[in-house]
Amino acid sequence: MVKDLPGVEKEKALKKFRRELRAGLYSYLILSILEKKGELHGYAIRKELEDLSSGELVPSEGALYDILKSLKKLGLVENFWAEIGGRPRKYYRLTPLGQEVIREVRAEIEEIKRTLERLEDPRAASNI
């Protein structure tokens, strides 16, 4: 058996780790954007993600619509059609359940942020 080159192993590990880390993060960001902005179509959601992250955290178009479909299946968002400028567009908005869930998840995100800050704080490093 031929062993992968170290650079190839690193890239595989990074790709897997980033995919797992971003999966839930994208859902959280999409719900937060809809909570803040209200009703948006898919392209506008993607543009908000791009603007917020300076282009660093933007799912592919296909991934975005898969996430929206998953959030809809969970009952966290709903969609509807509206005609804007003679062109039909599918819009998304939070459901009441989505509003409840995002509030609870936000508290958990705050705890994750505090934990990461403690981890990065050199004064707290002696407690690890």
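(A) Examining helix α1 (residues 6–37) more closely. Look at α1: 44 Å from first C-alpha to last across 32 residues, which is about the 46 Å you get at 1.5 Å a residue. The largest bend along α1 reaches roughly 30 degrees and is located at R22. Residues of α1 that are buried: Y26, Y28, L29, I30, L31, S32, I33 and L34. Against the buried residues of α1 lie β1 (40–41), α2 (42–52), α3 (61–73), β2 (77–84), β3 (87–94) and α4 (96–120). Among the residues trailing α1, G38 stands out with phi positive, at a value near 90 degrees.

(B) Structural context of the pairing of β2. By the bridge criterion, 8 bridges tie β2 to β3 in an arrangement that is antiparallel. Following the sheet pairing, F80 is matched in β3 by Y91. The loop that links β2 with its antiparallel partner β3 comprises 2 residues; one of these, G85, has a positive phi angle of about 60 degrees.

(C) Fine view of the pattern of salt bridges. Counted by the stated rule, this structure contains 9 salt bridges. Two residues, E48 and K37, come together in a salt bridge whose shortest N-O distance is 3.7 Å. With a gap of 11 residues between them, E48 in helix α2 and K37 in helix α1 connect regions that are remote in the sequence. On the basis of relative accessible area, E48 is assigned to the partly exposed category, the value being 22%.

(D) Quick look at the layout of surface pockets. There is about 300 Å³ of room inside the largest pocket. If you trace the largest pocket, you find 16 residues lining it, with G24, L25, Y28, I109 and I112 closest to the centre. Taken together, the elements giving at least two residues each to the lining of the largest pocket come down to α1 and α4. Considering every element that reaches the lining of the largest pocket, the biggest residue donor is α4, with 8 residues. The class makeup of the residues in the lining of the largest pocket is 12 nonpolar, 2 polar and 2 charged.

What counts, and where the lines are drawn
Residues numbered from 1 in each chain as written. Predicted model: local features only at pLDDT ≥ 70, side-chain atom pairs only at ≥ 80, totals over all residues. Heavy atoms only, no water. Helix = DSSP H or I, 4+ residues; strand = E, 2+ residues; numbered from the N terminus. Expected span 1.5 Å × (residues − 1). Bend = angle between axes of the 7 residues up to and from the residue. Buried < 20%, exposed > 50% of the residue type's maximum accessible area, 1.4 Å probe, protein only. Contact = heavy atoms within 4.5 Å. Pairing = 2+ DSSP bridges. Salt bridge = Lys/Arg side-chain N within 4 Å of Asp/Glu carboxyl O. 1 Å grid on protein atoms, 1.4 Å probe; cavity = no way out; pocket = protein on both sides within 12 Å on 5 of 7 lines; lining within 4 Å. Points joined across faces, edges and corners; volume = space filled by probe spheres on them. Nonpolar A, V, L, I, M, F, W, Y, C, P; charged D, E, K, R; others polar.

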